[in-house]
Amino acid sequence: MTVNLITFVSPLHRQTPIRNSHEVLLAELEKYFTINLVDHSNIGKLTQDDFSIVFIATGGVEKLVAQHFEALPRPTALLTDGIYNSLPAALEIASWLHNRGMKNEILHGEPTDIAKRLFILYNNFRAQRALSGRRIGVIGAPSGWLIASNVDFLLAKRRWEVEYINVPIERVYEYYALTSEDEVGEEAAVLAEKALACREASPEDLLKAMKLHAAIRKLVREERLDALTLSCFRVIDQVGTTGCLALALLNDEGIIAGCEGDLQAVFTMMVAKTLTGQAPFMGNPSLVNVRNNELVLSHCTVGLKQTERFIIRSHFETGTGIGIQGILPEGEVTLVKCGGECLDEYYLSSGTLVENTNHINMCRTQVKIRMNTPADYFLKNPLGNHHILLHGNHEAVLNEFFQANGCKRIE
């Protein structure tokens, strides 16, 4: 891991070599990182893929930093060990940057603590670069009931450098019609063998669902999509099957796939997977118990690799096609949701998955979660319907990332 230190030094101190005068700090950091000292005059040679922070090596550099404002990394970390009045200069610079709306922080204190913070900042940087240029396919239109889940495509691209791509759902129908049952028969048989049971669904239902998976997978390759959200209910009306199994398998294959055309949920899924490496589960908050601080999250699709076992069912609302009843492992989990038209708000909480429930009046995969924060958020100030579940406690990592990007936490 290379850390580029964009170094600002007052002309009064140019006679002293930087490495000699800041030996304690740099020697400690070099135990963990490759340190590359970059004079501020060469800042233009660094690229967006270079992890860089600003090294305030001396005082008297405030105006010099201001002159290079446009080229500074965003958000900006200001490293200082306090030698040669560098901390007072960093304080002045931090305030100046803040007044211009630039997120920044000062790295100062014990070198080992600074090193720990640099690892966190690098993780945020790596995630931001991974998101840059990602293509999210919107196959069909968002479901009509998602009235609070809009995203302004232009603002999202400016803020996150991700691109939402409208894809006509008719192309799915076309590829579905061109896919034969023989092409998917073997995959369907293997899947059926892995299932704990198969209840309402017939072999014909399974073949239809596998044909839909093949059709969407072909579309993903052609459009070079990194993620997608599907207008599921329109598919049911047209081809007589559901997208639940197709989305489950796509998530298993590393393609983030969300339901109902929910633009905010699929972005949340993509961010969560990028930061944690965990496959996400998108669900409806179906029951909230404020007294016990518990929530039941449910949906008819879940990545099969996320489950300990799974049952092939029908789709809950329509009673047609294929739905997945996944049995998820108990233990620590994280709930997250991005909201707002430019995706600048977020909800975040850890909790414990305590039970896989089996209510007859809600979607097939159901998990009861005991929350570590008040569950009345869902009743008082929710960011819409769908929320995203991850196995494990990733609250600190996700919070650092959203805070670094100037997002507002909703509680």
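## Digging into the packing of helix 7 (residues 170-178) against helix 9 (residues 203-223)
When two helices pack together, their arrangement is captured by the angle between the axes and the distance separating the axes. At their nearest, the axes of helix 7 and helix 9 sit 8 Å apart, and the two run at 120° to each other. For the element pair helix 7 / helix 9, the angle class is oblique. Our pair here, helix 7 against helix 9, has a crossing hand that is right-handed. Only K208, K211, L212, A215, I216, K218, L219, E222 and E223 of helix 9 make contact with helix 7, whose side of the interface consists of R171, V172, Y175 and Y176.

## Here we look at the environment of P88
Topologically, P88 is positioned in helix 4 (residues 86-99). Note on P88: relative accessible area 45%, which makes it partly exposed.

## Let's talk about unusual backbone geometry
Here the residue pair R74 and P75 is connected by a cis peptide bond, since its omega of -10° sits within 30 degrees of zero. In this structure, P75 sits in the loop between helix 3 (62-67) and strand 4 (76-79). A positive phi angle, near 65°, is found at E260, a position not held by glycine. With respect to the helices and strands, E260 occurs in the loop between strand 10 (256-258) and helix 12 (263-276). E260 sits in the buried class, given a relative accessible area of 9%. A positive phi angle, close to 60°, is found at N293, a residue other than glycine. Along the polypeptide, N293 turns up in the loop between strand 11 (281-289) and strand 12 (294-299).

## A closer look at a negative patch on the surface
On the surface, E181, D182, E183 and E204 cluster together into a negatively charged patch. Relative to the helices and strands, D182 resides in helix 8 (residues 181-194).

## Focus on the state of the cysteines
As used here, a disulfide is simply a covalent bond connecting the sulfur atoms of two cysteines. Under the criterion given, the structure shown has 0 disulfides. C232 takes part in no disulfide bond, and the closest cysteine sulfur to it belongs to C259, at a distance of 4.8 Å. In this structure C338 is a free cysteine whose sulfur lies 6.7 Å from that of C407, the closest cysteine sulfur available. Taking relative accessible area as the criterion, C338 reaches 0% and is therefore assigned buried.

Each value, and the rule that gives it
Residues numbered from 1 in each chain as written. Predicted model: local features only at pLDDT ≥ 70, side-chain atom pairs only at ≥ 80, totals over all residues. Heavy atoms only, no water. Axes fitted to C-alpha atoms, helices over the stretch in contact; angles between N-to-C directions. Helix = DSSP H or I, 4+ residues; strand = E, 2+ residues; numbered from the N terminus. Parallel < 35°, antiparallel > 145°, perpendicular 65-115°, else oblique. Left-handed = near helix turned anticlockwise from the far one by under 90°. Contact = heavy atoms within 4.5 Å. Buried < 20%, exposed > 50% of the residue type's maximum accessible area, 1.4 Å probe, protein only. Patch = residues over 30% accessible without salt bridge, like charges linked within 9 Å, V, L, I, M, F, W, Y side chains within 5 Å. Areas by Shrake-Rupley, 256 points an atom, 1.4 Å probe, with all protein chains shown as cover. Salt bridge = Lys/Arg side-chain N within 4 Å of Asp/Glu carboxyl O. Lys, Arg positive; Asp, Glu negative; His and termini not counted. Charge placed at Lys NZ, Arg CZ, Asp CG, Glu CD. Disulfide = S-S within 2.5 Å.

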